[in-house]
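Residue-level structure breakdown
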Amino acid sequence: MFRLDATCLVEVGGGDAARYLEAMCTRDLSGLDDGGLRYAALLDDRARVVADFWIWRVADGWSLEVEKAVAPALVDRLERFAVADDVEVKVREELTLLQVEGPRAAEAVDALLEGRPSTEMAGAGGHPLIAAWARRSRFGEEGFTLACTDEPLVCREVKRSSKFESALPPVQESLRLEAGRPRCGIDFGDKDLLPETSLWGAVSLDKGCFPGQEIVRRVVSRGEVRRRLVGFVEDSSVASGEGRPLEPTSIAESVVLGVRIGLGWVASADARPGTVVNVEGALFSGRVAALPFVSGPHAAAPDIPGERVENTAAR
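What comes next is a walk through the structure. (Residues numbered from 1 in each chain as written. Predicted model: local features only at pLDDT ≥ 70, side-chain atom pairs only at ≥ 80, totals over all residues. Heavy atoms only, no water.)

Read across the sheet, 5 strands follow the order 1-7-10-9-8 without closing on themselves; strand pairing throughout is antiparallel. Sheet topology places strand 1 (2–3) and strand 8 (122–127) at the edges, where each strand pairs with a single neighbour. As judged from the 6 bridges shared by strand 7 (residues 96–101) and strand 10 (residues 143–148), these two strands associate in the antiparallel manner. Bridged to Val-100 within strand 10 is Phe-144. The strands touched by helix 3 (residues 105–113) within the sheet are strand 7, strand 8, strand 9 (130–135) and strand 10, with strand 10 carrying the most contacts at an inclination of about 35°. With respect to the sheet, helix 4 (residues 151–161) is in contact with strand 1, strand 7, strand 8, strand 9 and strand 10, its orientation differing from that of strand 7 by roughly 15°. (Pairing = 2+ DSSP bridges. Helix = DSSP H or I, 4+ residues; strand = E, 2+ residues; numbered from the N terminus. Contact = heavy atoms within 4.5 Å. Axes fitted to C-alpha atoms, helices over the stretch in contact; angles between N-to-C directions.)

What follows is the structure, given as structure tokens:
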């Protein structure tokens, strides 16, 4: 259990919110009813990533779970183009996000929310200290994100119902990378094209127009991009300095694998798993690896970089 200090909720409200989000984001939002979650992104006109986010559909509301580092850019772009639309965008600064994850997470959260997580993906809190919640795995295990008005009191209630350990930042980083999940603002950002990130789970290729769609479709129809975001794993059998150049963005020691793992950028021709790479600045070599590094029961998720698919329906 740990607080999501780098994550926030951005609320999009108003009479035109549904139509406006549909026009702006990269995913088809049809069928996203109360309780639904969907991974999506907002691009600029050149298909560079402004932000990626998870959409929480709770009752008639729309909340975007996003990295705090890119939330201002997301809010600015949504507000800037809502010229004649009844749309209001704001960061829910009064809420703190708390993650509960692991084999006993459902048991603890069920006790807090009176059994609701067993039947829904997201919902209103149903608890005086929880405004909303989402069934959201971050490390491949059963996970729940709680939007709390008083996070310390919620923590005490969770710990009272079941034994939990607090995951310190180095532990969180190791688990994140084992699960193969990149972070906007760290592993990719506003200078990167969405097709370069390989986060195809954020895109509905058959939906109506959205900013940057023409370039995304052009990449799909005409071939590969020049560079790709990939996972890599240390390989002691490869001499230091050997391999194709790789620019790392995140590195951590994997407790499960017993070696260093990470995410980074390579030339598109070098993105095939097994390719020997020289990790720049880290003084070791390794190999490109398929993601996730460590599988869990909820490991398959659209925010893990993967191969392009034609149908990116909600999973």
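The subject of this paragraph is unusual backbone geometry. The linkage connecting Leu-291 with the following residue, Pro-292, adopts the cis geometry, with an omega of 0°. Within the element layout of this structure, Pro-292 appears in the segment after strand 15 (284–289). Unusually for a residue other than glycine, Ala-47 sits at a positive phi of about 70°. Position of Ala-47 among the secondary structure elements: in the loop between strand 3 (37–43) and strand 4 (49–58). Phi angles above zero are rare outside glycine, and Ser-198 is one such case at about 65°. The residue Ser-198 is located in the loop between helix 6 (194–197) and helix 7 (213–222) in this model.

The subject of this paragraph is helix 4. Within the span of helix 4, buried status applies to Glu-151, Val-154, Cys-155 and Val-158. The buried residues of helix 4 all sit within an arc of 105° when viewed along its axis, so they share a single face. In helix 4, the exposed positions angled more than 90 degrees off the buried face are occupied by Arg-156 and Arg-160. (Buried < 20%, exposed > 50% of the residue type's maximum accessible area, 1.4 Å probe, protein only. Arc of directions from axis to C-beta.)

So, about the pattern of salt bridges. A side chain of one charge can pair with a side chain of the opposite charge if their charged atoms are brought near each other. Taken as a whole, this structure holds 24 salt bridges when the rule is applied. When the shortest N-O distance is used, the salt bridge between Glu-173 and Arg-176 registers 2.9 Å. Taken together, the residues Glu-173 and Arg-176, both in helix 5 (residues 169–178) and 3 residues apart, mark about one turn of the helix. For Glu-173, a relative accessible area of 23% corresponds to the partly exposed category. Judged by its relative accessible area of 7%, Arg-176 falls in the buried class. The partner of Asp-303 in a salt bridge is Arg-181, with the nearest N and O atoms 3.2 Å apart. (Salt bridge = Lys/Arg side-chain N within 4 Å of Asp/Glu carboxyl O.)

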